[in-house]
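Geometric and topological summary
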Amino acid sequence: MIERQQVQRYRVQAQQLDRESGTVADTAALDLGVQDTGADGALWALELRGVKTAGLGAAAEHHDDLVWLWTLRGAPHCYRRADAPQVAAAVAPWSEADAAKRIFDASKPLKDAGIPVLDALDAVAGQMRTIVKEPMVKGEMSTRLHEAMPEPYQRYCRSCDAVHLYEMPFRLSAVRAGLELVPDTSPPVLQPMPGFAVAGAYEDRFDPVRAYLHLLGPATHKQVAEYVDAPVREVKAHWPADAVEVTVDDGAAGETRWMLEADLDALRGADASGTTRLLGPYDLYLQARDRSTLVADPAKVKALWPVLGRPGAVLVDGGIAGVWRPRKSGKKFTVTVEPWRDLEATERKAIEGEAEKLAAFRGVALTGLDYTG
């Protein structure tokens, strides 16, 4: 029986949240992709794993280090630029059924028109390559695609009061077209990746199923499927041969999950004591689909993962000890922490240090650390 706390500690170590220094090249989370949502997104996640991000991303002198792509679940993720061809191959749908699942309601009009979804994604990607020759705002590309694509690809959007392509085919086709997101642009700007071509094969570490089991395991087929946004049967068909069963304490009789055999010793021996971090709302640690393993109290689960306006999580000794939110007003930057248990003086001191790091990351001075509740 593997205790919940041991699973938490393993994930801290596997995701390198316990290290003080690292590089883009040796950051394991970049194999699966680091989601870039919100002010404290991908670069803050890298900072938490010891990577000094000053100048990364859009800065010309570091432009070869990282790339931003729409990939799993249509979310923007950060990867090593050199890995982009293999990533594009690894995140592609495995089958027609998988592709239909990933684009949700956009699959029905295509099916009704007799257009295979995989062919549709290739068709959209082909138009994107024709249209985007230089940086282009998403809205302009959407307009051009609307003019180029037939009716089964399009829908009426009530919020825009306009007809345009379904969102998920739009996003999932971009990487197939070799388009990257320009970081820190809103609305999003896309541009071609020079000399890009989807790889014919990819290393095991880029396989999203293996990467999930390594970084967020132990896990069930369903949990991995929810993360990838693929049918469970497809995930089972791509299940690693070296995944072994373990039993995780879920507060009742225990749940059977799977782990890569090579990671078993690390799981049993994991120790995350002394690790304190202010995790961003979409940090990989919080992306696990077994939320009750991270937070046992259902009320606290709702507080950490609300439908709108997610807070960050306070990680202390490998477990979540509360939530935090940033507050910026003019030149003032405050971090508000809601602890879920009594914090020791050393733990509060460590949280203060992390708040100082966050302020420095944002390029401001920390003017306050407030505790509520």
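What you see as residue numbers is a count from 1 along each chain, following the sequence as written. Local features in this predicted model are restricted to residues whose pLDDT is 70 or higher, and side-chain atom pairs enter the listing and the counts only when it is 80 or higher, whereas totals over whole chains, interfaces and linings include all residues. Remark: hydrogens and water are excluded; side-chain values derive from all non-hydrogen atoms of the structure.

The name given to the protein chain in an unreviewed UniProt entry is Crosslink repair DNA glycosylase YcaQ family protein, with Glycomyces tritici as the source organism.

A run of H or I in DSSP becomes a helix once it reaches four residues, and a run of E becomes a strand once it reaches two; helices and strands are each numbered from the N terminus. Assigned secondary structure in the protein chain consists of 16 helices and 15 strands. This radius of gyration counts C-alpha atoms alone. The globule rule is 2.2 Å times how many residues there are, raised to the power 0.38. Expected size for 373 residues packed as a compact globule is a radius of gyration near 21 Å; at 21 Å, the protein chain falls within 12% of this value. Projected onto the principal axes, the alpha-carbon positions of the protein chain cover approximately 65 × 50 × 40 Å. With 373 residues in all, the protein chain has 53% of them scored as buried. By definition in these notes, contact holds between two residues if any of their heavy atoms fall within 4.5 Å. The contacts in the protein chain between residues at least 6 apart in sequence include a share of 63% that link residues at least 24 apart. For the protein chain, the accessible surface area stands at approximately 16,600 Å², while carbon and sulfur atoms represent 51% of it. Per-residue accessibility, obtained with a 1.4 Å probe over protein chains only, is compared with the maximum for each type, and a residue is labelled buried under 20%, exposed over 50%, and partly exposed between these values. Surface exposure here means Shrake-Rupley accessible area, sampled with a 1.4 Å probe, where a residue is shielded only by the protein chains that are shown.

The next point concerns the sheet that holds strand β15 (residues 366–371). Pairing between two strands requires that DSSP report at least two bridges joining them. The mixed open sheet is built from five strands, whose spatial order is β11-β12-β13-β14-β15. Lying at the two open borders of the sheet, with one neighbouring strand each, are β11 (276–279) and β15. Each neighbouring strand pair of the sheet contributes to a mean axis angle of 25 degrees, computed without reference to strand direction. Sheet topology places strand β13 (residues 319–329) next to strand β14 (residues 332–339); eight bridges connect them, and they run antiparallel. Paired with Arg327 across the two strands is Thr334, which belongs to β14. All axes are obtained by fitting lines to C-alpha atoms, using only the stretch in contact for helices, and the reported angles, taken between N-to-C directions, cover 0 to 180 degrees. The strands touched by helix α16 (residues 345–362) are β11, β12 (312–316), β13, β14 and β15; relative to β15, the strand with the most contacts, the crossing angle is about 140 degrees.

Before going further, it helps to spend a moment on the environment of Val24. Secondary-structure assignment places Val24 in the loop between α1 (4–14) and α2 (29–32). As for Val24 and Gly50, which are separated by 26 residues in sequence, their C-alpha atoms are 9.5 Å apart.

So, on to the packing of helix α10 (residues 208–216) against helix α11 (residues 221–228). Two elements in contact, α10 and α11, have axes whose closest approach is 10 Å; the angle formed by their N-to-C orientations is 115 degrees. Taken as a pair, α10 and α11 cross one another with a handedness that is right-handed. Mapping the contact onto sequence places Pro208, Val209, Tyr212 and Leu213 in α10 and Gln223, Val224, Tyr227 and Val228 in α11. Classification convention: Asp, Glu, Lys, Arg as charged; Ala, Val, Leu, Ile, Met, Phe, Trp, Tyr, Cys, Pro as nonpolar; all other residues, Gly among them, as polar. Residues belonging to the contact of α10 with α11 are distributed by class as follows: seven nonpolar, one polar and no charged. Crossing handedness: left-handed means the near helix sits turned counterclockwise from the far one by under a right angle, and right-handed means the same turn made clockwise.

As paired elements, strand β5 (residues 154–157) and strand β6 (residues 162–165) share four bridges and run antiparallel to each other. Residue Cys157 lies in a different strand from β6, and its bridge partner there is Ala162. Linking β5 to β6, which pair antiparallel, is a turn of four residues; within it Asp161 sits at a positive phi near 55 degrees.

Think of a nonpolar core as a cluster: buried Ala, Val, Leu, Ile, Met, Phe, Trp, Tyr and Cys residues, connected wherever their side-chain atoms sit within 4.5 Å. Ranked by size, the top nonpolar core spans 106 residues in total, and within it Met128, Met141, Val224, Tyr285, Leu304, Ile320 and Val335 carry the most contacts. Considering every element that reaches this core, the biggest residue donor is helix α7 (residues 117–131), with seven residues. Ignoring any residue separated from it by four or fewer positions in sequence, one finds Met128 in contact with Met141, Leu145, Phe170, Ser173, Ala174, Ala177 and Leu179. The next biggest cluster of nonpolar side chains, apart from the first, holds ten residues, and it includes Tyr10, Val246, Val248 and Leu264.

On to unusual backbone geometry, then. Omega for the bond connecting Ser186 with Pro187 falls within 30 degrees of zero, at 0 degrees, which places this linkage in the cis form. Counting through the fold element by element, Pro187 comes out in the loop between β7 (179–181) and β8 (189–192). With an omega of -5 degrees, the peptide bond between Gly217 and Pro218 qualifies as cis. In this structure, Pro218 sits in the loop between α10 and α11. Despite not being glycine, Arg73 shows a phi value in the positive range, around 60 degrees.

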